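Residue-level structural notes
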Amino acid sequence: MTDDRRAELAANLAGVEERIAAACAAAGRPREEVTLIVVTKTYPASDVRILHGLGVRHMAENRDQDAAPKAAACADLDIHWHFVGQLQTNKVRSVAGYADTVQSVDRLRLVTALSGAAVRAGREVTCLVQVALDAESGQQGERGGVAPDGVAELADAVAGSPGLRLGGLMTVAPLRGPYAGRQQAAFERLMESSSRLRADHPAANMVSAGMSADLEQAVAAGATHVRVGTAVLGVRPRLG
Ligand SMILES: *Cc1c(COP(=O)(O)O)cnc(C)c1O
């Protein structure tokens, strides 16, 4: 059973690796510029263990109630955990206990809460500001995220908060609005935000964009991190 699953995950991973390598080659980018993050949400800790054995070191989860026990079950492995879901402030203390990077920072209250939790846990948490390209000024995106004109304020807050390190930006391609169905344009817009951000924060050079369906467009636009779930682990039993 485990051997079957290992073979399945190895084959899927090889397919994704091939896609990333081809996208890098097409864009004239070195393969090392792009980090694959495997999104393990809804899948068991045993899959995380298999993936680690296959060389994956970056994993992501989007719900604390699933992520916390999974991270604990894999605490003996050197895994860099990314939190990529909408985050309530009452979960921050738990998330700061295992997440190395929180990619979904989208409001000031969350920055304050994460900073307090990171300091208390004696950990440094890398934060990405999640940009909602479908959000109007001052609004949140449907799947979280801050409108593009709110990025600078949040980034400055992260950079000035103890326990936090400003890593860069993250987005999920919008399903609605002017960017619906135009992933490449959406990711290019994110890269513009990233350029502006790096003018003030040169070290904040992470750009997390692209999932199973659109990683090629993300790599073409300049993403440094792609977050892939389905293409590695299979279609999730339910929306997660
Ligand atoms: C689930 C998820 C992914 C991975 O999506 P797939 O389509 O399964 O590759 C990436 N990013 C976020 C924020 C997610 O919630």
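What this report covers is the structure whose coordinates are included nearby. Small disclaimer: the values here were computed from a predicted structure and weren't measured. (Residues numbered from 1 in each chain as written. Predicted model: local features only at pLDDT ≥ 70, side-chain atom pairs only at ≥ 80, totals over all residues. Heavy atoms only, no water.)

A look at the site of the ligand
The following threshold applies: Here a residue is considered near a molecule or strand provided that any single heavy atom belonging to it is located within 4 Å of it. By the criterion applied in these results, polar contacts are pairs of N or O atoms within 3.5 Å in which, for protein atoms, one can donate a hydrogen and the other can accept it, and in which residues neighboring in sequence qualify only through two side-chain atoms. Calculation of accessible area relied on Shrake-Rupley with a 1.4 Å probe; when residues are assessed, cover is drawn exclusively from the protein chains displayed.
Neighbouring the ligand are the residues Val39, Lys41, Val84, Arg143, Met211, Ser212, Arg227, Val228, Gly229, Thr230 and Arg236. With respect to the ligand, the backbone of glycine 229 contributes an N or O atom lying 2.8 Å from an oxygen atom. Threonine 230 is positioned with one of its side-chain polar atoms (N or O) 2.6 Å from an oxygen atom of the ligand. Considering the ligand on its own, with 390 Å² of exposed area, one finds that the protein chains cover 92% of that surface.

Examining helix α1 (residues 2–27)
In plain terms, the rule: Think of it this way: any DSSP run of H or I at least four residues long counts as a helix, any run of E at least two long counts as a strand, and we number them from the N terminus. Expected span of a helix: the number of residues minus one, times 1.5 Å. Categorising residues by exposure relies on relative accessible area from a 1.4 Å probe, with only protein chains included: less than 20% of the type maximum marks a residue as buried, more than 50% marks it as exposed, and the intermediate range marks it as partly exposed. The criterion used for residue contact is that any of the two residues' heavy atoms lie within 4.5 Å.
The end-to-end C-alpha distance of α1 is 37 Å, a good match for the 38 Å that 26 residues give at a rise of 1.5 Å each. Among all positions of α1, only Arg5, Leu9, Leu13, Val16, Ile20, Ala23 and Cys24 are buried. Looking at the buried side of α1, the elements it contacts are β1 (35–39), α2 (45–53), α8 (215–221), β8 (225–228) and α9 (230–233). Positive phi shows up at glycine 28, right after α1, with a value of about 65°.

A short note on helix α7 (residues 183–200)
Here α7 contains 18 residues, and its C-alpha end-to-end distance of 26 Å stays within 8% of the 26 Å for a straight helix at 1.5 Å per residue. Buried residues along α7 sit against β5 (125–131), α6 (151–159), β6 (164–171), β7 (206–208) and α8.

Regarding the nonpolar core
For the record, the criterion: The nonpolar core is taken to be a set of buried Ala, Val, Leu, Ile, Met, Phe, Trp, Tyr and Cys residues, with the residues joined through side-chain atoms within 4.5 Å.
Counting 67 residues, the largest nonpolar core has Val102, Leu114 and Val226 as its most contacted members. For this core, the element with the highest residue contribution is α1, accounting for six residues. Ignoring anything within four residues of it in the chain, the contact list for valine 102 reads Phe83, Leu87, Val95, Leu114, Val125, Thr126, Cys127 and Leu128. Counting residues in each nonpolar core, the second largest holds eight residues, with Ala60, Leu128, Met170 and Met206 among its members.

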